[in-house]
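Understanding the architecture of this molecule
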Amino acid sequence: MFNFDNMIIRQRKWMLYWLAILVLCAGFLPYTRIFLGLILGSSISLYNLWLLQYKSEKLGKTIAAGEKARTGLGTFSRMAAAVLAVVVAIRFEEYFHLYAVIFGIVSSYLMMAVDVIVYQIAMRKRKED
């Protein structure tokens, strides 16, 4: 469980750093519409990441206790949040770039993949030393 908790903390940090970089870019670079779309999508992505981690931990504890799992991983809630972000981007087209919102929604999954790769490389280096 300790590795799972560390993984959760690492992934949330990476997402918060990503959002901080996007906010700085939106404030200082001329491509405001693109960065606002990335911020919107990444914010929804952070929510989806949090929801997935929360539901996974809850499901793991339920199964470890020997009980029957009564809930899923919140797939419908995560999809609904993504659809909401796309609808907002379409409605306020002058403020948000649609493709940037879509890329932002996917960003947490990219962060999870990068986290796994970096973690595996770090573990291999520890074994070699």
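As a reminder, the structure under discussion sits directly above these lines.
Not measured: the values here are computed from a predicted model.

What to know about the packing of helix α2 (residues 32-64) against helix α4 (residues 98-128)
- Following both chains from N to C, one finds α2 and α4 inclined at 40 degrees, their axes separated by 6 Å at the closest point. By the angle between their directions, the pair α2 and α4 is classed as oblique. Between α2 and α4 lies a crossing of right-handed hand. The segment α2 lies against α4, with Ile34, Gly37, Leu38, Leu40, Gly41, Ser42, Ser45, Leu49 and Leu52 engaging Ala100, Val101, Phe103, Gly104, Ile105, Val106, Ser107, Ser108 and Met112.
- Within the contact of α2 with α4, the residues separate by chemical class into 11 nonpolar, seven polar and no charged.

Remarks on the packing of aromatic side chains
- Here the structure, examined in full by the defined rule, presents two aromatic pairs.
- Taken together, Tyr47, Trp50 and Tyr54 form an aromatic cluster joined through their ring pairs.
- Between Arg91 and the ring centre of Phe92, over which it is positioned, the NZ or CZ distance is 5.1 Å.

The rules we used
Residues numbered from 1 in each chain as written. Predicted model: local features only at pLDDT ≥ 70, side-chain atom pairs only at ≥ 80, totals over all residues. Heavy atoms only, no water. Axes fitted to C-alpha atoms, helices over the stretch in contact; angles between N-to-C directions. Helix = DSSP H or I, 4+ residues; strand = E, 2+ residues; numbered from the N terminus. Parallel < 35°, antiparallel > 145°, perpendicular 65-115°, else oblique. Left-handed = near helix turned anticlockwise from the far one by under 90°. Contact = heavy atoms within 4.5 Å. Nonpolar A, V, L, I, M, F, W, Y, C, P; charged D, E, K, R; others polar. Phe/Tyr/Trp six-rings, centres within 6.5 Å; stacked < 30°, edge-to-face > 60°. Lys NZ or Arg CZ within 6 Å of the ring centre and 35° of its normal.

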